[in-house]
Amino acid sequence: MSKLLLITFDGGAEGHQLAGFAQKLGLPFDVLCISGEAPTEIGAARVLNAGLAEVPPADALAEGLKSLVAGYSHIAGLSNMRSKDVLARLAGLIEAGMVTDVIGLQSPTSFTRPMVAGSVIATVEVLAEPVILTVRPAGFPADPVSGSSPVESVTLAASGQAQRISVTARGGARPDLSQARVVVSGGRPLGDAETFERVIGGFADALGGAAGATRAAVDSGIAANELQVGQTGKIVAPELYIAAGISGSTQHMAGIKDSKLIVAINKDPDAPIFEFADLGLVGDLFEVIPEIRAKLSV
Amino acid sequence: MKILVPLKRVIDPYAKVKPLGDGSGLDLSGIKFDINPFDEIAVEEAVRMKEKDGSHEIIVVSIGTSDSEEQLRKALAIGADRAILIETEHIYDSLGIAHELEAVVRAESPDLVLMGKQATDDDNNQAGQMLAARLGWPQATFASKVEAAGTRLQVTRETDSGEEVLELPLPSLVTADLRLNEPRYIALPGIIKARSKPLEKRPASVMSSPKTRTVRYDAPPARAAGRKVSSVDELVAALQEKGAL
Ligand SMILES: Cc1cc2nc3c(=O)[nH]c(=O)nc-3n(C[C@H](O)[C@H](O)[C@H](O)COP(=O)(O)OP(=O)(O)OC[C@H]3O[C@@H](n4cnc5c(N)ncnc54)[C@H](O)[C@@H]3O)c2cc1C
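Residues numbered from 1 in each chain as written. Chains lettered and ligands numbered in written order. Predicted model: local features only at pLDDT ≥ 70, side-chain atom pairs only at ≥ 80, totals over all residues. Heavy atoms only, no water.

J.: What am I meant to see in the overall build of chain B here?
T.: Check the secondary structure of chain B and you find six helices and 15 strands. Considering only C-alpha atoms, chain B reaches an extent of 65 × 40 × 40 Å along its principal axes. Burial analysis of chain B (245 residues in total) assigns 56% to the buried set. Summarising the internal contacts of chain B: among those between residues at least 6 apart in sequence, 70% fall at separations of at least 24. A total accessible area of about 10500 Å² is found for chain B, and carbon and sulfur atoms account for 50% of it. (Helix = DSSP H or I, 4+ residues; strand = E, 2+ residues; numbered from the N terminus. Buried < 20%, exposed > 50% of the residue type's maximum accessible area, 1.4 Å probe, protein only. Contact = heavy atoms within 4.5 Å. Areas by Shrake-Rupley, 256 points an atom, 1.4 Å probe, with all protein chains shown as cover.)

Written out as structure tokens, the structure is:
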């Protein structure tokens, strides 16, 4: 029988973000949480908490997941670096096909996903079950459900060869990029990390949003790597995306296409970003951003 | 140490790509091809490791038609020692590629497989992890720094929230992210030298049937045309009107 398992890593938001996909797929589903607790109010048949103290490296985790995913026709997680790391390995272990970055579905065996930096939308047919999916939540809004799911503890035995030596988590007080309602991003002209933090970070804080960056900004040390938005960085889908000093490369646009409203501030009237922006202002970001903040008194 | 670098011939990552009108494929007219940029970073990293320790041997491998010879020659010009082309027209999914590469690894017994985190055409980000799983080797994906220490590797890898350092015993598999290095400019002597390096063709040996198949290629939905505003006042008014603030 067809059945979906949602895999979440540290609980809470991930389960909520995946709920819309589970509803659209229309199969009965369980939700597994590796560390922390999965939400009980998203309509899952069962909530399975493994209760690990931390999320193990991929080799150990995929091995441990192997027995827990047996019997499911569909196994899905959010499309992020952690899911891609672990779930693609799991696919290799259980000989499953995989579809990454699912943005839409026509049936439980037909999914759409972007490829070539979002220039093309591919329809992928699943020819054999089980299949493993990573899902971009923007295309799958969730309906509210009533009732709460029974919770069970499960044992996930994770031992592997890779050893984690250290972890550097940045982030701080700002909302998570991939979930923020407002994202303010800056590109190469921000020049240095201090200016980026003051101009882009400051504006993001004033709007209660997250800060993002282009690859050019990250590569030149202006912004931290986890702020990179685009084909090979984070995918964002905020209500409002403000791009300041960003040319609008295909690779960057691939990460922001699902934004409701894109605002571009660029001093070059011919910058490609203006082809995609809903609202464009030609001007120097170092003058325009303070002016906007003054007008809004933020 | 023996390092195997699998690489893929992909559409030039800077090309503008469109689907064919009937959705049956991509319009490749006038399109150039190159090494997948992440694989090129992997080749570069292997060559840098060799430049530090001359005892390393670097083998590059590609799966596809004879067209991929061009990309293998480029990798040889960067500094790989020899190349293998698994010559086939079989249509693979990522798992099928992992099966085919697994056979190459079993035949060549490298200590390290270093490859790109994703190919910029399919954008799948699967093959490396699947191969590591097939081999039972530990993996470090999204690598931004690789240091060899005896029979172990220390890999700094990018994560959703920052970075982490993993220590892996060899043999192991590492996938390269953008910030691992910046590939060198290939100078003429390297290109000339590459012509005489061995490039061996082998038939595909696994050719497993794919479990997923792309059946249609469409253009993404167009965004409604936007407009330029002429002042900050106008911008703020438009944002307020749309309730975006
Ligand atoms: C394999 C691959 C993957 C990639 N992945 C990504 C990715 O995930 N994300 C990503 O972003 N890029 C990615 N890139 C890089 C991408 O191709 C571009 O190089 C990059 O997005 C450009 O960044 P930028 O817009 O900051 O810089 P630039 O292209 O240099 O643009 C800077 C812009 O700022 C404007 N400007 C300058 N000064 C001012 C000022 N004072 N006020 C206002 N405007 C100003 C200029 O007019 C210009 O338009 C990738 C590339 C490759 C090959």
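J.: I keep staring at the site of the ligand and nothing clicks. Help me out?
T.: Around the ligand, the surrounding shell holds 28 residues, and the nearest of these are Arg188(A), Thr214(A), Val229(A), Thr232(A) and Ser247(A). What surrounds the ligand is not a single chain but chains A and B. Contact between the ligand and Thr214(A): an oxygen atom at 2.6 Å from a side-chain N or O atom of the residue. Relative to its unbound accessible surface of 990 Å², the ligand loses 86% to contact with the protein. Only helix H5 (215-219), helix H6 (250-253) and helix H8 (285-296) of chain A provide two or more residues apiece to the shell around the ligand. The class makeup of the residues in the shell around the ligand is eight nonpolar, 15 polar and five charged. (Near = heavy atom within 4 Å. Polar contact = N/O pair within 3.5 Å; in protein donor to acceptor, adjacent residues only side chain to side chain. Nonpolar A, V, L, I, M, F, W, Y, C, P; charged D, E, K, R; others polar.)

J.: Looking at this structure, I do not really get the sheet that holds strand E4 (residues 74-78) of chain A. What am I missing?
T.: Backbone-to-backbone hydrogen bonds pair the strands of a sheet. The strands run either parallel or antiparallel. Residues and elements named next belong to chain A. Spatially, seven strands are ordered E5-E9-E4-E1-E2-E3-E10 in an open sheet, and the strand pairing comes out parallel. For this open sheet the edge positions go to strand E5 (97-102) and strand E10 (151-153), each flanked by a neighbour on one side alone. Neighbour-to-neighbour, the strand axes of this sheet turn through a mean angle of 20°, independent of strand direction. Where E5 meets strand E9 (residues 131-135), four bridges bridge the pair, whose relative direction is parallel. Within E9, the position partnered with Val-102 by the bridge is Val-135. Each of strand E1 (4-8), E4, E5 and E9 is contacted by helix H3 (residues 81-94), which is oriented at about 170° to E9, the strand it contacts most. (Pairing = 2+ DSSP bridges. Axes fitted to C-alpha atoms, helices over the stretch in contact; angles between N-to-C directions.)

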